[in-house]
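Architecture at a glance
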Amino acid sequence: MFKSNPNLILVSGPSSSGKSEWAENLLNHHNSVLYVACSESIDDEDWLAKIKVHKNRRPKHWKFIQSAFDLSNTLDKVNSNEAILVDSIGGFVSCFINLKEDDWLSEQSKLLESIHKIESHTILVVEETGWSVVPSSKLGNLFRERLGRLSQKIQVISGESWLVINGRALNLNQISVPI
């Protein structure tokens, strides 16, 4: 496995917890930020409204790219002078949800390799999905399990880890014990 990357921060939390806002706040002092959105474009009024809130909240000088299927390649090409905010890893997982397990593990490994090599100050936002109702579908369970396992692997290589809940950020490095 990879060693910890001190430039990498993981921000996790449930839906509407404030995790994206906290991640953005952690980058306020950076002049050059690349915001990498991992969601696919979908025609859903509520989703588009949520994206608009995120967009309006971000500083206008931040660069923006949408990349989920090609997240590893995108991260490999980032200028080391740019800070990176990836929001969120759940979008990456959902893009590959129909892959067989071996193919998924290959995509996961590529992403972890890319994350580990990043020299820029990087924040990865990831959803906490296991705190809710157990999904009633096989696909929902697969998403939850893949995202949960990937999140744990990212946390191991992160220099810092935050949990955001109810609009409050908890520094997990200060208040937790690794399992």
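Each value, and the rule that gives it
- Residues numbered from 1 in each chain as written.
- Predicted model: local features only at pLDDT ≥ 70, side-chain atom pairs only at ≥ 80, totals over all residues.
- Heavy atoms only, no water.
- Patch = residues over 30% accessible without salt bridge, like charges linked within 9 Å, V, L, I, M, F, W, Y side chains within 5 Å.
- Areas by Shrake-Rupley, 256 points an atom, 1.4 Å probe, with all protein chains shown as cover.
- Salt bridge = Lys/Arg side-chain N within 4 Å of Asp/Glu carboxyl O.
- Lys, Arg positive; Asp, Glu negative; His and termini not counted.
- Charge placed at Lys NZ, Arg CZ, Asp CG, Glu CD.
- Helix = DSSP H or I, 4+ residues; strand = E, 2+ residues; numbered from the N terminus.
- Pairing = 2+ DSSP bridges.
- Axes fitted to C-alpha atoms, helices over the stretch in contact; angles between N-to-C directions.
- Core = buried A, V, L, I, M, F, W, Y, C linked by side-chain atoms within 4.5 Å.
- Buried < 20%, exposed > 50% of the residue type's maximum accessible area, 1.4 Å probe, protein only.
- Contact = heavy atoms within 4.5 Å.
- Disulfide = S-S within 2.5 Å.

Time to look at a negative patch on the surface. Residues Asp 43, Asp 44, Glu 45 and Asp 46 make up a contiguous surface patch of negative charge. The residue Asp 43 is located in the loop between strand 2 (33–37) and helix 2 (45–57) in this model.

Within the open sheet, the 7 strands sit side by side as 3-2-4-5-1-6-7. Their pairing is mixed. The sheet is open, and its two borders are formed by strand 3 (63–66) and strand 7 (168–171), each paired with just one other strand. Each strand of the sheet is rotated relative to its neighbour by a mean of 20°, with strand direction disregarded. Summarising the sheet, strand 2 and strand 3 pair through 4 bridges and their orientation is parallel.

In the segment running from Asp 87 into Ser 88, the intervening peptide bond is cis, with an omega of 5°. Assignment of secondary structure puts Ser 88 in the loop between strand 4 (83–87) and helix 4 (89–95). If you check the backbone angles, Ser 16 has positive phi at about 55° while not being a glycine. Relative to the elements of secondary structure, Ser 16 occurs in the loop between strand 1 (5–13) and helix 1 (19–26). A positive phi is found at Asn 166, a non-glycine position, where the angle reads about 55°. Position of Asn 166 among the secondary structure elements: in the loop between strand 6 (158–165) and strand 7.

Let us look at the nonpolar core. Judged by nonpolar contacts, the single largest core of 27 residues is most densely connected at Leu 71, Val 86, Ile 89, Leu 150 and Ile 154. Of all the elements in the fold, those that place two or more residues in this core are strand 1, strand 2, helix 3 (71–76), strand 4, helix 4, helix 5 (101–117), strand 5 (122–127) and helix 6 (138–157). Other than its neighbours up to four places away in sequence, Leu 150 contacts Ile 89, Phe 92, Val 93, Trp 104, Gln 108, Leu 111 and Leu 112. One finds Ile 9, Ala 83, Trp 162 and Val 164 within the second-largest nonpolar core, a separate group that totals 15 residues.

Turning our eyes to something else, we now look at the state of the cysteines. Within this structure, the stated rule accounts for 0 disulfides. Unpaired in this structure, Cys 38 has its nearest cysteine sulfur neighbour in Cys 95, at a distance of 7.7 Å. With relative accessibility at 1%, the residue Cys 38 sits in the buried group.

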